[in-house]
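Listed here are the chains, written in short residue letters.
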Amino acid sequence: MPNEERLTIGAMARRSGLTPKALRHYDAIGLLRPVDVDPTTGYRRYAPEQVAQARTIRRLRDLDVPLDVIGDLLRAGDVAKADEILARHAAAVEARTWRLQRIQHRLRQLLDDPRRTSMTDETDLIDDEANATLEPEERRRLAAELFNLTWTLLEKPDRSTEDDDRMLHAAHASRFHWGEIGGAQQLAVGEWQCSRVYAVLGRPEPSLHHARRALEIAQSGDAPDWTVASAYEALARAHAVAGDRDEAERFAALAREAVDRIEDPEDREVIEGDLATLPL
């Protein structure tokens, strides 16, 4: 297959809804291998027909199906075996649903208790119970799903006003869930996406705010090297939308310098692709 018909890891990520990091991980464990890896640059290339399999993996991960089970499921040629795997997962989801319903019932009892005269003693209990209603894996799933929805809407050529609203709310909701369970990388990327959304909507002030937050988090020392370059790119884009070409050029230059320091060639490729779309 000619190289021009193959997909870069960034293109594969955007078409499938998976992140480049997830694609690299799935390659490493043998779940989804690229058709070609450049021996010099290390760039991965995927065949267009692999998009469907990648989307299947994403949908199964959204259902909290473990990776090893997904591998078995993809290799299973037997429908009965696949049904058995999915039935076990459904049973686990049902058990968790019953647990959440019990928590909701206890919360309602607490709120309706006529003997309660103060919130002081009950506040910790309420917080503990409320936090328990969303487990970390559920928050992680929601954060990733909302991030992917935002990106899908960003790339939609004929967005309506309602689409713009959904895109904005989805970006903030994704960032909220990452804020509950994510690390520095997820927080920086969440802020970056909020900045991108506001830039696309032509709102420079909030775009600048979130780009600055992305840079603060990226420079905290706990985030990977590429998040700094990404934050600089967001600042360049936000200043361009604001009409400040000098600042936009300055941050674009800082982004390119930061790109040169990125160790992973595929991470560099993703940021370079974003820099190429700056409205300068």
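Residues numbered from 1 in each chain as written. Predicted model: local features only at pLDDT ≥ 70, side-chain atom pairs only at ≥ 80, totals over all residues. Heavy atoms only, no water.

## Some details on the overall build of the protein chain
For the record, the criterion: Secondary structure elements are defined from DSSP: runs of H or I of at least 4 residues count as helices, runs of E of at least 2 residues count as strands, and each element is numbered from the N terminus. Here's how the labels work: a residue is buried when its accessible area is under 20% of the maximum for its type, exposed when over 50%, partly exposed in between, all with a 1.4 Å probe on protein chains only. To be clear on the numbers: accessible area is Shrake-Rupley with a 1.4 Å probe, and residue cover counts the displayed protein chains and nothing else.
In terms of helices and strands, the protein chain carries 13 helices and three strands. Along the first, second and third principal axes, the C-alpha atoms of the protein chain reach 65 × 55 × 40 Å. Within the span of the protein chain, comprising 280 residues, buried residues form 42% of the whole. On the protein chain, roughly 15400 Å² of surface is accessible, and the fraction owed to carbon and sulfur atoms is 50%.

## Looking at the environment of Asn148
Under the convention used in this document: Working rule for contacts: check all heavy atoms of both residues, and any pair within 4.5 Å makes them a contact. Polar contact criterion, stated in full: a pair of N or O atoms within 3.5 Å, where within protein one must be able to donate a hydrogen and the other to accept it, and residues adjacent in sequence count only if both atoms are side-chain atoms.
Position of Asn148 relative to the elements: it lies in helix α7 (residues 136–154). Look past the residues within four positions of Asn148 in its chain and what remains in contact with it is Gly17 and Arg58. There is a polar contact of 2.6 Å between the side chain of Asn148 and the backbone oxygen of Gly17.

## Considering the confidence of the model for the protein chain
Operational definition: Confidence scores labelled pLDDT are given residue by residue by the predictor and lie between 0 and 100.
Averaged over every residue, the pLDDT of the protein chain is 86; residues scoring 70 or more account for 90%. Segment residues 122–132: pLDDT under 50, and twelve contacts once partners within four positions in sequence are set aside and those in other chains are kept.

## Quick notes on the side chain of Ser195
Looking at where Ser195 falls in the secondary structure, it is placed in helix α9 (residues 184–200). With a relative accessible area of 2%, Ser195 lands in the buried category. Those residues within four positions of Ser195 in sequence are excluded, and the remaining contacts are Ser207, His210, Ala211 and Ala234.

## Structural notes on the environment of Met167
Take Met167: it is sitting in helix α8 (residues 161–181). For Met167, a relative accessible area of 0% gives the class buried. Along the chain, Met167 and Thr150 lie 17 residues apart, while their C-alpha atoms are 5.0 Å from each other. Those residues within four positions of Met167 in sequence are excluded, and the remaining contacts are Thr150, Leu153, Leu154, Arg159, Val197 and Leu201.

## Some details on the packing of α9 against helix α10 (residues 204–218)
Our working rule: All axes here are fitted lines through C-alpha atoms, helices being fitted over the stretch that makes contact, and every angle between N-to-C directions spans 0 to 180 degrees. In what follows, roughly perpendicular refers to angles from 65 to 115 degrees, roughly parallel to angles under 35, roughly antiparallel to angles over 145, and oblique to any angle outside these ranges. By convention the crossing between two helices is left-handed if the near helix lies anticlockwise of the far one by an angle smaller than a right angle, and right-handed if it lies clockwise. Lys, Arg, Asp and Glu make up the charged group, whereas Ala, Val, Leu, Ile, Met, Phe, Trp, Tyr, Cys and Pro make up the nonpolar group; the residues left over, Gly among them, are polar.
The geometry of α9 relative to α10 is characterised by a closest axis approach of 8 Å and an angle of 160° between their N-to-C directions. It follows that α9 is roughly antiparallel to α10 by the angle criterion. Considering the relative orientation of α9 and α10, their crossing is left-handed. Of the residues in α10, those in contact with Ala184, Leu187, Ala188, Glu191, Trp192, Cys194, Ser195, Tyr198 and Ala199 of α9 are Pro206, Ser207, His210, Ala211, Arg213, Ala214, Ile217 and Ala218. Its residues placed into classes, the contact of α9 with α10 shows twelve nonpolar, three polar and two charged.

## Things to note about the nonpolar core
Convention followed: Residues belong to one nonpolar core when they are buried, are Ala, Val, Leu, Ile, Met, Phe, Trp, Tyr or Cys, and are joined through side-chain atoms within 4.5 Å.
In terms of nonpolar packing, the biggest core is built from 35 residues, with Tyr232, Leu235 and Ile271 touching the most fellow members. Elements that contribute at least two residues to this core include exactly α7, α8, α9, α10, α11 (226–242), α12 (245–260) and α13 (265–275). If one sorts the elements of this core by residue count, α11 sits on top with nine residues. Excluding its chain neighbours within four sequence positions, the residues that come into contact with Ile271 are Trp226, Ala229, Ser230, Val259 and Ile262.

## With respect to the pattern of salt bridges
The criterion, for reference: We count a salt bridge whenever a side-chain nitrogen from Lys or Arg sits within 4 Å of a carboxyl oxygen from Asp or Glu.
Overall, the coordinates contain 22 salt bridges when judged by the stated rule. Residue Glu233 pairs with Arg196 through a salt bridge whose shortest N-O separation is 3.2 Å. Placement of the pair is Glu233 in helix α11 and Arg196 in helix α9, with a sequence separation of 37 residues. We note that Glu233, like Arg196, is buried. One salt bridge in this structure joins Arg237 and Glu233, with 2.8 Å as the shortest N-O distance. Here Glu233 and Arg237 lie together in helix α11, a separation of four residues that amounts to about one turn. Both residues of the pair, Arg237 and Glu233, count as buried.

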